[in-house]
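Examining the three-dimensional arrangement
Next come the chains, spelled out residue by residue.
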Amino acid sequence: MMILLCLSFIAVFIIQVQATEEKCDGVNINGVMHIKEVLKTNLDSPYQFSIDYATNTLFFSSSIQTEDQRFQLGYLNLETKELNVVNDIKDGFASAVDHSSNTIYLGANGGIYQFNVKSKQTNQVYSIGQNIWQMFYNNGLYYTTYPTEEAYFFANGNSQKVPELKGTKVMLIALDGKQDIYFTNSSGLFKYIKSNKSVLNLGEYIINGLNSDVNGKLYFTSPNGIFKINEDLNTVERLVTLDNVYAAAVEKDGSILCGTEDSIVRFKKSDKCT
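Residues numbered from 1 in each chain as written. Predicted model: local features only at pLDDT ≥ 70, side-chain atom pairs only at ≥ 80, totals over all residues. Heavy atoms only, no water.

The helix and strand tally for the protein chain stands at one helix and 23 strands. Expressed along its principal axes, the backbone C-alpha trace of the protein chain runs to roughly 85 × 45 × 35 Å. Expressed as a percentage of its 274 residues, the buried residues of the protein chain come to 49%. Residue pairs in contact within the protein chain that sit at least 24 positions apart in sequence constitute 38% of those at least 6 positions apart. (Helix = DSSP H or I, 4+ residues; strand = E, 2+ residues; numbered from the N terminus. Buried < 20%, exposed > 50% of the residue type's maximum accessible area, 1.4 Å probe, protein only. Contact = heavy atoms within 4.5 Å.)

What follows is the structure in structure tokens.
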């Protein structure tokens, strides 16, 4: 009788564990389950992510429909989940962070701005007659323009075209630790190797976001997933398959932030689900 009771208990326990595992909402990344946490909803296509690690703040752009704006920059406190918008610049679309000086750059229609999270004030540091599409900081601010699809470098108050990419269409740009340049256009993902001035085609990917983590490792998003670039092997590794991905960024602890059609979600490592 006692044996039957023990077996019944074990069976119930197994069923309960299986039910718990089945309820886990998340994705498998590199063999580790990551649980999904919704940080903010009711956003229209959150895009162009960058993280200020000093204040644990995520900057992003989203679409809006007003008489004088199509896009708006917002920022989300990743601890409190408090959401704010940048009200004093119009059509803000891009952002980047200089982690060495804790300087936040914002890009909009007509200029480059610096932003102070505490005072919530912006200061225009450079004026241009084009739309800024994307930004990336690496020993200076790199940015691209739309619809001209050109790459520029901004430092010490001056801006110039990236000399290695003159005459090349560029939508997104990033640099690795060796200062090699990664860029995208309608033909795919490319790498400019500075040591021998050669260009590698890394694949015909449709890319809507290009970013780095706290260690400078590069990632990109496509409409169907998040990918990691291996700078040493010049290869691309799919981290996870997801539908309708607009942007991604990696937190200090390795959690992945993802922009979907209408939300910002976090995928955090978990040992409670398989």
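A regular strand places its side chains on the two faces of the sheet in alternate fashion. Counting buried positions over the five residues of strand E18 (residues 218-222) gives five, a clear majority of the element. Burial along E18 is two-sided: Leu218, Phe220 and Ser222 facing one way and Tyr219 and Thr221 facing the other are all buried. Here strand E17 (residues 209-212) runs beside E18; their pairing, made up of four bridges, is antiparallel. Bridge pairing in E18 links Gly209 to Thr221. Hairpin connection, E17 to E18: the antiparallel pair is bridged by five residues, and Gly216 has positive phi, about 85 degrees. Alignment of E18 against strand E19 (residues 225-230), held across four bridges, turns out to be antiparallel. Counted as the bridge partner of Ser222 is Gly225 from E19. (Pairing = 2+ DSSP bridges.)

Our focus in this paragraph is the environment of Phe183. Tracing the backbone through its elements, the reader meets Phe183 in strand E14 (residues 181-185). For Phe183, a relative accessible area of 3% gives the class buried. Considered as a pair, Phe183 and Ala151 are 32 residues apart in the sequence and their alpha carbons are 9.1 Å apart.

Here the focus is the pattern of salt bridges. For the structure on display, the rule yields eight salt bridges. Glu150 is the salt-bridge partner of Lys161, the closest N and O atoms lying 3.0 Å from each other. Highlighted residues: Lys161 in strand E12 (residues 158-161) and Glu150 in the loop between strand E10 (141-146) and strand E11 (151-155), separated in sequence by eleven residues. For Glu150, a relative accessible area of 22% puts it in the partly exposed group. Lys268 is the salt-bridge partner of Asp253, the closest N and O atoms lying 2.7 Å from each other. Taken together, the positions of Asp253 in the loop between strand E21 (247-250) and strand E22 (256-259) and Lys268 in strand E23 (residues 264-269) put the pair 15 residues apart, joining distant regions of the chain. Since its relative accessible area comes to 42%, Asp253 is described here as partly exposed. Looking at Lys268, the relative accessible area reads 38%, which means it is partly exposed. Within this structure, Glu37, Lys81, Glu251 and Arg266 form a network of salt bridges that share partners. (Salt bridge = Lys/Arg side-chain N within 4 Å of Asp/Glu carboxyl O.)

Moving on: the sheet that holds strand E20 (residues 235-241). If you trace the four strands from one edge of the open sheet to the other, you get E17-E18-E19-E20, paired in antiparallel fashion. Here the strands that pair on one side only, and so sit at the sheet edges, are E17 and E20. Put simply, the sheet's adjacent strands are angled 25 degrees from each other on average, direction ignored. (Axes fitted to C-alpha atoms, helices over the stretch in contact; angles between N-to-C directions.)

A separate point is the confidence of the model for the protein chain. Looking at the protein chain as a whole, its pLDDT mean stands at 90, while 91% of the residues score no less than 70. This model gives residues 1-22 a pLDDT under 50, and the stretch forms one contact once residues within four places in sequence are excluded. (pLDDT = per-residue confidence, 0-100.)

Another point: the environment of Ile104. Tracing the chain through its elements places Ile104 in strand E8 (residues 103-116). By relative accessible area, which is 3% here, Ile104 ends up buried. Spatially, the C-alpha atoms of Ile104 and Tyr152 are 18 Å apart, while their sequence positions differ by 48 residues. If we skip the residues at most four places from it in the chain, Ile104 touches Asp52, Phe59, Ala96, Val97, Tyr113, Gln114, Phe115 and Val117.

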